[in-house]
Amino acid sequence: GCGGESPSLVFEERATPRAVAVVVDPAIGAETWLMDLSLKGGLALVLVQSAMFSAVCGAIDDEVRELFETTLDFEDLPSALEALRHFDVASVHAGSETGAELASALASALGVPCICEAVQASTPTTQASTLDPGDLQELLEWAETNNGEDGFGGADADEE
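Along each chain, the written sequence defines residue order, and numbers are assigned to residues from 1. Given that this is a predicted model, residues contribute local features only at a pLDDT of at least 70 and side-chain atom pairs are listed and counted only at 80 or more, while totals for whole chains, interfaces and linings are drawn from all residues. With hydrogens and water stripped out, all remaining heavy atoms of the structure feed into the side-chain values.

Draft legend 1. Broad picture of the side chain of Ser91. Examined against the element boundaries, Ser91 turns out to sit in strand E4 (residues 88-94). Polar contact is defined as a pair of N or O atoms within 3.5 Å, subject to the rule that within protein one atom must be able to donate a hydrogen and the other to accept it, and that residues adjacent in sequence are counted only when both atoms are side-chain atoms. Of note is the side chain of Ser91, whose polar atom sits 2.8 Å from the side chain of His93. Only heavy atoms matter for contacts: two residues are in contact if any of them lie within 4.5 Å across the pair. Once you skip the residues sitting within four places of it in the chain, Ser91 turns out to touch Val20, Ala21, Val22, Leu43, Val112, Pro113 and Ile115. Secondary structure elements are defined from DSSP: runs of H or I of at least 4 residues count as helices, runs of E of at least 2 residues count as strands, and each element is numbered from the N terminus.

Below, the structure written as structure tokens:
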């Protein structure tokens, strides 16, 4: 018949939860650092996706979604914290600018570190930030000189 083992046995095997890293709103191209986090850090990944991020960036690629053990659609802080209580959260990572504030709030509430390296990696710190925005000619010269470098707008920007 259909009886067999009771479903509760599945949960008993995982009585001691593996440490997880919570990732909030990972940006396009996040696969590399997500895989590093999972493989090198030995952490399972939990995706927290805000409504704003979903609206702006659309659905996350299936390839990226497969890296996550579970996905939570963020509605409000209390419900997200309640859902995350079932995990042994080691850290919270902001996967994009849009996720930074939420990641910080979750990390603070959970008492774990908030890591925003992905946000910093996706925000280029180049000479452009030292230019006076009022000097259009200097800005145009900088743009012409730097066009195509750092993977922005160049011929190799589309490489995977």
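Draft legend 2. Summary view of the confidence of the model for the protein. Known as pLDDT, the predictor's per-residue confidence is scaled from 0 to 100. In the predicted model, the protein carries a mean pLDDT of 74, and 64% of its residues have values of at least 70. Confidence over residues 3-15 falls short of pLDDT 50; this stretch has one contact with residues more than four positions distant or in other chains. Low confidence marks residues 150-157, where pLDDT is under 50. Its contacts with residues over four positions away, or in another chain, come to nine contacts.

Draft legend 3. Representation of helix H6 (residues 97-110) in the model. For H6, spanning 14 residues, the distance from its first C-alpha to its last is 20 Å, which sits close to the expected 20 Å at 1.5 Å a residue. Working definition: with a 1.4 Å probe on protein chains only, accessible area under 20% of the residue-type maximum means buried, over 50% means exposed, and in between means partly exposed. Every buried residue of H6 is listed here: Gly99, Leu102, Ala103, Leu106 and Ala107. Turning to H6, the residues buried within the fold contact strand E1 (19-24), strand E2 (44-50), strand E3 (68-74), helix H5 (77-84), E4 and strand E5 (114-115). The positive-phi residue at the C-terminal boundary of H6 is Gly111, with phi of around 70°. What a helix should span is 1.5 Å times the count of its residues minus one.

Draft legend 4. Broad picture of the pattern of salt bridges. Definition used for salt bridges: Asp or Glu carboxyl oxygen within 4 Å of a side-chain nitrogen of Lys or Arg. Inspection of every chain in the model, using the stated rule, returns one salt bridge. Glu82 is the salt-bridge partner of Arg85, the closest N and O atoms lying 2.7 Å from each other.

Draft legend 5. Up close: the sheet that holds E1. The strand order across the open sheet built from five strands is E3-E2-E1-E4-E5, with neighbouring strands paired in parallel fashion. Each of the sheet's edge strands pairs with one partner strand only, and the pair in question is E3 and E5. Lines fitted to C-alpha atoms define the axes, with helix axes restricted to the stretch in contact, and inter-axis angles between N-to-C directions lie between 0 and 180 degrees. Each of E1, E2, E3, E4 and E5 touches H6; the most contacted strand, E4, lies at about 155° to it. Note: two strands are recorded as paired if DSSP finds a minimum of 2 bridges between them.

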